Amino acid sequence: MENKYFKNLTDEEREILANKGTEAPFSGEYNNHFEKGYFVCRACNNKLYESKTKFDSGCGWPSFDDEIPGAIVRYQDNSLVRQRTEICCSKCDGHLGHVFHGEKITPKDTRHCVNSLSIRFIASSSLE
Ligand SMILES: [Zn+2]
């Protein structure tokens, strides 16, 4: 069953969003990207994260400590021995990454570890 939102993705985008792959750490275009704006889902343009929630975790992937309300769905991921929580776009169900708690990096104690290939940045200035 093909998700209509995944039709126009490139092969590497599809590998992440549709097949739940993971891009190599420190390879993504948004890993060290801290401009003002927001991030949308690359498949369906659903607004996911505000740039103010992005922080430098040093983990090699874009990291956010909060999502735009209602933008994300969570699933239990048992693919590794350590149980993880998978995060997906609430509109198209595209795979974004995983969310972690208890690392105490930011006051919200939450790290959304997101693939750059799953998201697209929209600068605030481009809206004016
Ligand atoms: Zn989406």
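Scroll up to find the structure.
Rules used in this analysis
Residues numbered from 1 in each chain as written. Predicted model: local features only at pLDDT ≥ 70, side-chain atom pairs only at ≥ 80, totals over all residues. Pairing = 2+ DSSP bridges. Helix = DSSP H or I, 4+ residues; strand = E, 2+ residues; numbered from the N terminus. Buried ≥ 20, exposed ≤ 12 C-beta atoms within 10 Å, placed from the backbone. Core = buried A, V, L, I, M, F, W, Y, C linked by C-beta atoms within 7 Å.

Novice: Just checking my understanding: could you explain the pairing of strand β2 (residues 47-50) for this structure?
Specialist: As a general feature of sheets, a regular strand has side chains that alternate between the two faces. Relative to β2, strand β1 (residues 37-41) is paired through three bridges, and the arrangement is antiparallel. Note on β2: the bridge partner recorded for Phe39 is Tyr49. The hairpin turn running from β1 into β2, its antiparallel successor, is five residues long, and Asn45 in that turn takes a positive phi close to 70 degrees.

Novice: Please clarify how the sheet that holds strand β5 (residues 72-77) should be interpreted in this entry.
Specialist: Strand pairing in a sheet relies on backbone hydrogen bonds. The paired strands run either parallel or antiparallel. Spatially, six strands are ordered β3-β4-β8-β7-β6-β5 in an open sheet, and the strand pairing comes out antiparallel. In this open sheet, the two edge strands, each paired with only one partner strand, are β3 (54-55) and β5.

Novice: So what exactly am I meant to see when it comes to the pairing of strand β8 (residues 110-114) here?
Specialist: Most of β8 sits inside the fold, with four of its five residues counted as buried. Alignment of strand β4 (residues 63-64) against β8, held across two bridges, turns out to be antiparallel. Bridge pairing in β8 links Phe64 to His112. Alignment of strand β7 (residues 95-101) against β8, held across five bridges, turns out to be antiparallel. Residue pairing across strands places Gly97 opposite Val114, the latter belonging to β8.

Novice: Just checking my understanding: could you explain the nonpolar core for this structure?
Specialist: For soluble globular proteins, the rule of thumb is that nonpolar side chains tend to be buried together. Core analysis: the largest hydrophobic core is formed by 21 residues, its most contacted members being Phe39, Val40, Cys41, Leu48, Val114 and Ile119. Elements supplying a minimum of two residues to this core: α1 (11-17), β1, β2, β6 (84-89) and β8. Per-element accounting of this core gives the leading share, four residues, to β1.

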